[in-house]
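Residues per chain are reported as follows:
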Amino acid sequence: MKFETQKIAFAYFTFALILFAVQVTGGLLAGLVYVIPNFLSDILPFNIIRMLHTNSLIVWLITGFFGAAYFLVPEEAEREIHSPLLAYIQLAILVVGTIGVVITYVFNIFEGNWLLGKDGREFLEQPGWVKLGIVAAALIFLYNISMTVLKGRKTAISNILIVGLWGLALLFLFAFVNPENLALDKQYWWYVVHLWVEGVWELIMASILAYLMLKLTGVDREIVEKWLYVIVATALFSGILGTGHHYYWIGTPGYWQWIGSIFSSLEVIPFFAMMAFAFVMVWKGRRDHPNKAALLWALGCATLAFFGAGVWGFLHTLHGVNYYTHGTQITAAHGHLAFFGAYVALNLAIMTYAMPILKNRDPYNQVLNMAAFWLMSGGMVFMTFVLTFAGTVQTHLQRVRGEDYMSVQAELPLFMWMRFGAGVAVVLGVLLFLYAIFVPKKEIIKPGKQVAEATNPAE
Ligand code: HEM
Ligand code: HEM
Ligand SMILES: [Fe+2]
C-alpha cells in the first residue's frame, strides 16, 4: 500500500462482498421458486426475493466502484484521499440505507407511502428516504474524490473514472422522476437503467480495466490512454441513442425503432474494443506480475462482457427480432451474462488485485481464487445457455404460436432445473472466492522471507 487512505477500500470491498453473498443466495431462492412454485410463498414471495436479488446486485456493484475509486485514485493522483472521515460516513449511510431496504421489503411495510414504502419500479424499488440517502452518499463521494484529484496529478484513468461516477450519480436523479403517464415513466426509467450499464458504467469499466492493465502488464501509460479514449468515444456515441432499443413498444414514436436498432448495434464496438484492449496489453506487456488471479479476472471480465453484453445483446436488439423476444427468458439470459461479465467480474478483478495489497500479504490463495473464477463463470455461462434455450422455446410457443404465458411456462421445468443447478455452481464459486480473499493462506515461513517482504510483490 503506497498511501494510508487506500485502506478505506477494504471496508467498502468487505461490505460489497457481504451483499454479493446475499444477492446470489436471493438468486438461488428465486430460481428454486421457478421449479417449486409455492416454496416460501407465504413468508417470502417471489416478487420480494427478486427485488432483494436485483437491488443487492446494484448496491454492491456501486459500493465496489466506490471502493475501487478510493483504492486507485490516491495512486493516480499521488496523494491521500481528501477526507477519510467523509468516506466512512458515506459508507455508514450506504449500510443504514441497505438495512432499511431489506426491512422494508421483507416485512412489506409502509405500502404506498412515497417516503417510507417501496416504489413499484424494477431496480428503483427502494423507498424515497433511501433514494435521498443514496444521493447524499453520492454527493459526499463526488466531493471527496474530486477534491483529491483536483489537488493531485490528473491522469486519463482517474478523469474518466470520475466522469463515469459523476454520470452515475447525476443519472440516478431520474429515479425521482415518476410521471403518471406510463410511457413517460418508462422513458425516464431507462435513463437510469440503460444509460448506466450501457453508458457511464462503461467509462468506469474502461478506466478500472486500464488501471489493472497498467499495473499487471507494465505497458506504457500513453498506449493505455489511447485505447481508453477510443473506448469512451464509441461507448457514448452508441450507448446514448442506443437507449432507443427500449423504446420500441412503450408508446414512443416509430422512428425509435430505427434509431434504437442502429445505435444499439454499434454498442458491440466498445465491448469488442475492451476485449481487444485487454488481450493486446497482455500480449505487449513486459511485466510478469505475481497476481495471476487478478489478470484472469480482468481478461475474463473483458471477454464475458463482450459475449454477455455485446453478442447476447445484439441477439435481440434489432426491432424485428425484439418484437418476438421482448421480455422473455432471452432477456434474462442476456441480463445475467452482461451484468456478470461486465460489472461483477470487474469488481472481483479489482478486489482480487487490491485485497492482498490492502492486507499486506503476498499472493494469498491464488489457486483457490482462480478455481472460483472458473466455477462462477462456468455456472453463469451454463445458466445463460439454458435460459437462451428456454427463451427460444418460449418465444416460439408464446409469440409465434400464440399460446398463453402460463401454459408455456409449464413446458419449461427441465430448463429451470438446469438453471437452478447452474445457480448452485455459482453460489459455490462465490463461497470459494470469499474464502480465498478473506482466509489467510497457511504458509511455512522460509528463512530470509522478511527481506523479501519489504516490498510487497503484489504491488
Ligand atoms: C452474479 C451473478 C448474478 C447476476 C449478475 C444476476 C443478475 C440478475 C438480473 C440483472 C436479474 C433481472 C433480469 C431481468 O429483468 O431480465 C436477475 C433475475 C433473476 N436471477 Fe439473477 N443474477 C445472478 C445470479 C443468479 C443466480 C445464482 C441465480 C440462481 C438460480 C439467479 C436467478 C435469478 C432469477 C430466478 C431471476 C428472476 C427472473 C425472472 O424474473 O423471471 N441469479 N438476476
Ligand atoms: C454491460 C452492459 C449491459 C447490461 C448490464 C445489460 C443488462 C440488461 C438487462 C438487465 C436487461 C433487462 C432489463 C429489463 O427488462 O428489466 C436488458 C435488456 C436489454 N438489453 Fe442489455 N445490457 C447490457 C448491454 C447491452 C447491449 C450492448 C445491447 C445491444 C447490443 C443490449 C440489448 C438489450 C436489449 C435489446 C434489451 C431489451 C430486451 C427486451 O426487450 O426484453 N444490452 N439488458
Ligand atoms: Fe439497453
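Our structure's up above, just so we're on the same page.
On a predicted model such as this, the values are computed, not experimentally measured, just so you know.

Parameters and conventions
- Residues numbered from 1 in each chain as written.
- Chains lettered and ligands numbered in written order.
- Predicted model: local features only at pLDDT ≥ 70, side-chain atom pairs only at ≥ 80, totals over all residues.
- Heavy atoms only, no water.
- Salt bridge = Lys/Arg side-chain N within 4 Å of Asp/Glu carboxyl O.
- Helix = DSSP H or I, 4+ residues; strand = E, 2+ residues; numbered from the N terminus.
- Near = heavy atom within 4 Å.
- Polar contact = N/O pair within 3.5 Å; in protein donor to acceptor, adjacent residues only side chain to side chain.
- Nonpolar A, V, L, I, M, F, W, Y, C, P; charged D, E, K, R; others polar.
- Donors = N, O, S within 2.8 Å, 3.2 Å for Na, K, Ca; no water.
- 1 Å grid on protein atoms, 1.4 Å probe; cavity = no way out; pocket = protein on both sides within 12 Å on 5 of 7 lines; lining within 4 Å.
- Points joined across faces, edges and corners; volume = space filled by probe spheres on them.
- Phe/Tyr/Trp six-rings, centres within 6.5 Å; stacked < 30°, edge-to-face > 60°.
- Buried < 20%, exposed > 50% of the residue type's maximum accessible area, 1.4 Å probe, protein only.
- Lys NZ or Arg CZ within 6 Å of the ring centre and 35° of its normal.
- Tetrahedral: all angles 85-135°; square planar, octahedral: opposite > 155°, others 65-115°.

### Examining the pattern of salt bridges
Line of reasoning, step 1. Under the definition given, this model contains 12 salt bridges.
Line of reasoning, step 2. Of the charged contacts in the structure, one is a salt bridge between Asp-185 and Arg-121, with a shortest N-O distance of 3.2 Å. Of this pair, Asp-185 sits in helix 6 (residues 182-217) while Arg-121 sits in the loop between helix 3 (84-107) and helix 4 (128-151), and the two are 64 residues apart along the sequence.
Line of reasoning, step 3. Bridged by salt links that share partners, the residues Asp-119, Arg-121, Lys-131 and Asp-185 form one connected network.

### A closer look at the site of ligand 1
Line of reasoning, step 1. For ligand 1, the set of nearby residues contains 24 residues, the closest of which are Tyr-34, Arg-50, His-53, His-336 and Arg-419.
Line of reasoning, step 2. In this structure, an oxygen atom belonging to ligand 1 sits 2.6 Å away from a side-chain N or O atom of Arg-50.
Line of reasoning, step 3. One of the side-chain N or O atoms of His-53 is found 2.8 Å from a nitrogen atom in ligand 1.
Line of reasoning, step 4. For the shell around ligand 1, the secondary structure elements donating two or more residues are helix 1 (8-35), helix 2 (46-77), helix 12 (329-358), helix 13 (366-400) and helix 15 (413-438).
Line of reasoning, step 5. A per-element tally of the shell around ligand 1 places helix 1 first, with seven residues.
Line of reasoning, step 6. Partitioned by chemical class, the residues of the shell around ligand 1 number 13 nonpolar, eight polar and three charged.

### Let's talk about the site of ligand 2
Line of reasoning, step 1. Near ligand 2 you find 25 residues, and of these Glu-122, His-326, Gly-327, Thr-331 and His-334 are the closest.
Line of reasoning, step 2. In the model, an oxygen atom of ligand 2 is placed 2.6 Å from a nitrogen or oxygen of the Glu-122 side chain.
Line of reasoning, step 3. Listing elements by their share of the shell around ligand 2, those giving two or more residues are helix 6, helix 10 (292-315) and helix 12.
Line of reasoning, step 4. Per-element tally for the shell around ligand 2: the top contributor is helix 12, with seven residues.
Line of reasoning, step 5. Looking at the shell around ligand 2, its residues break down into 10 nonpolar, 12 polar and three charged.

### Structural notes on the coordination of the iron atom of ligand 2
Line of reasoning, step 1. Counting protein donors around the iron atom of ligand 2 gives one, His-334 (NE2), at 2.0 Å.
Line of reasoning, step 2. Note that His-334 resides in helix 12.

### So, the layout of surface pockets
Line of reasoning, step 1. A volume near 520 Å³ is recorded for the second largest pocket.
Line of reasoning, step 2. In terms of lining, the second largest pocket is formed by 35 residues, of which the most central are Asn-55, Ile-58, Val-59, Gln-126 and Ile-134.
Line of reasoning, step 3. Mapped by element, the contributors of at least two residues to the lining of the second largest pocket are helix 1, helix 2, helix 3, helix 4, helix 5 (156-172) and helix 6.
Line of reasoning, step 4. Ranked by residue count, the leading element in the lining of the second largest pocket is helix 2, at eight residues.

### Looking at the packing of aromatic side chains
Line of reasoning, step 1. One pass over the full model with this rule turns up 36 aromatic pairs.
Line of reasoning, step 2. Considering the side-chain rings of Tyr-70 and Phe-141, the 5.5 Å spacing of their centres and the 85° angle between planes classify their relative orientation as edge-to-face. Here Tyr-70 is found in helix 2, whereas its partner Phe-141 is found in helix 4, with 71 residues between them in sequence. Both residues of the pair, Tyr-70 and Phe-141, belong to the buried class.
Line of reasoning, step 3. Consider the rings of Tyr-248 and Trp-249, whose centres lie 5.6 Å apart with planes at 70°: the pair is edge-to-face.
Line of reasoning, step 4. Residue Tyr-248 is classed as buried on the basis of its relative accessible area, which comes to 5%.
Line of reasoning, step 5. On the accessibility criterion, Trp-249 (34% relative accessible area) is partly exposed.
Line of reasoning, step 6. Linked through ring pairs, Phe-65, Phe-123, Phe-172, Phe-176, Trp-189, Trp-190, Trp-196, Trp-201, Phe-339 and Tyr-343 together constitute an aromatic cluster.
Line of reasoning, step 7. Lying over the aromatic face of Trp-189, Lys-186 brings its terminal NZ or CZ to 4.0 Å of the ring centre.

### What about the coordination of the iron ion (ligand 3)?
Line of reasoning, step 1. Within the protein, His-194 (ND1), Glu-198 (OE), His-245 (NE2) and His-246 (NE2) serve as the donor atoms for the iron ion (ligand 3), at 2.1 Å.
Line of reasoning, step 2. Around the iron ion (ligand 3) sit four donor atoms, and with donor-metal-donor angles ranging over 85 to 145° the site reads as irregular.
Line of reasoning, step 3. The sequence pattern describing where the donors of the iron ion (ligand 3) fall on their chain is H-x3-E-x46-H-H.
Line of reasoning, step 4. Here the iron atom of ligand 2 and the iron ion (ligand 3) are spaced 4.3 Å from one another. Of this pair, His-194 and Glu-198 both sit in helix 6, four residues apart, which is roughly one turn of that helix.
Line of reasoning, step 5. Judged by its relative accessible area of 0%, His-194 is buried.

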